[in-house]
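Descriptive analysis of the structure
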Amino acid sequence: MIEDNINYEYIIRYLREMTDDKDALLREMRTYAEANEVPVSQRETSAFLQFLCAVKQPKRILEIGTAIGYSAIAMAKNCQAEIVTLERDEAMITTAKDYICRAGLENRITIIEGDATKTLSRVSGEFDLVFIDAAKGQYETFLNQITVSHGGILVCDNVLYKGMTATDELVVRRKITIVKRLREFLKELMNDENYVTSLLPLGDGVALACKKGCDKNE
Ligand code: SAH
Ligand code: MG
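Let me sum up the structure you'll find in this document. (Residues numbered from 1 in each chain as written. Chains lettered and ligands numbered in written order. Predicted model: local features only at pLDDT ≥ 70, side-chain atom pairs only at ≥ 80, totals over all residues. Heavy atoms only, no water.)

**Some details on the site of ligand 1**
Taken together, the neighbourhood of ligand 1 is formed by 20 residues, with S41, G65, E87, A116 and D133 sitting nearest. Between a nitrogen atom of ligand 1 and a main-chain N or O atom of G65, the distance comes to 2.8 Å. Side-chain polar atom of D115 to a nitrogen atom of ligand 1: 3.1 Å apart, as the coordinates give it. Relative to its unbound accessible surface of 580 Å², ligand 1 loses 93% to contact with the protein. With respect to the pocket detection grid, ligand 1 is positioned in the largest pocket. (Near = heavy atom within 4 Å. Polar contact = N/O pair within 3.5 Å; in protein donor to acceptor, adjacent residues only side chain to side chain. Areas by Shrake-Rupley, 256 points an atom, 1.4 Å probe, with all protein chains shown as cover. 1 Å grid on protein atoms, 1.4 Å probe; cavity = no way out; pocket = protein on both sides within 12 Å on 5 of 7 lines; lining within 4 Å. Sits in = over half its atoms within 2 Å of the grid points.)

Okay, here's the thing in structure tokens:
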């Protein structure tokens, strides 16, 4: 029984079957994640991220929430970007470094250790793709600290949070604050005139935003 509360179970099963990792290392990482309860992106979300990297060919990617490096490696394999990824959990960082070395991507993926609400101030420059996939109660704080390039893409994962964001009926007591913050974040993002935004019932819910405007030299 899949309890995502977002799509029909038969659809989720089918999508996950169809988006199974073809890459051996990514497959191994997913098996590790499942055995160790690491919340890596769902297969369909990962397939979508890889599609975005392939079509956008970003030069610089920022990720908030590395976990074991699954999504960072998946993105790196579909473009030539330099990837900066933020993680606060030491055990995750150790495992991620190991996988990144095994993927031969240590020259392109840099992990910044520590709480992203603090380390983001050390991250400079614009990013062509930003993947926010960490503390769901902090998305608004993260949004205010990042710089997305014009025409750049912002992807925020888990915004429907097992359906709780969409209906009070699913909200469990200990998640009330996080759900409230996610709803406020989505409202702010939808009303932000700097972005064209779309909400997708993909995986655990994805907010997809494109920063408007173009560079002066374009
Ligand atoms: N993007 C990964 C999954 C990330 S899971 C993938 O798809 O493969 C979320 C991760 O964010 C966890 O490892 C957690 O430790 C980290 N995290 C949560 N809040 C954070 C914060 N404030 N700063 C840095 N990392 C954070
Ligand atoms: Mg996620």
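**Structural notes on the coordination of the magnesium ion (ligand 2)**
Every protein donor of the magnesium ion (ligand 2) is accounted for by D133 (OD), D157 (OD) and N158 (OD1), and the metal-donor separations fall at 2.1 to 2.3 Å. In the primary sequence, the donor residues of the magnesium ion (ligand 2) line up as D-x23-D-N. Residue D157 is classed as buried on the basis of its relative accessible area, which comes to 2%. Judged by relative accessible area, N158 falls into the buried class, the value being 13%. (Donors = N, O, S within 2.8 Å, 3.2 Å for Na, K, Ca; no water. Buried < 20%, exposed > 50% of the residue type's maximum accessible area, 1.4 Å probe, protein only.)

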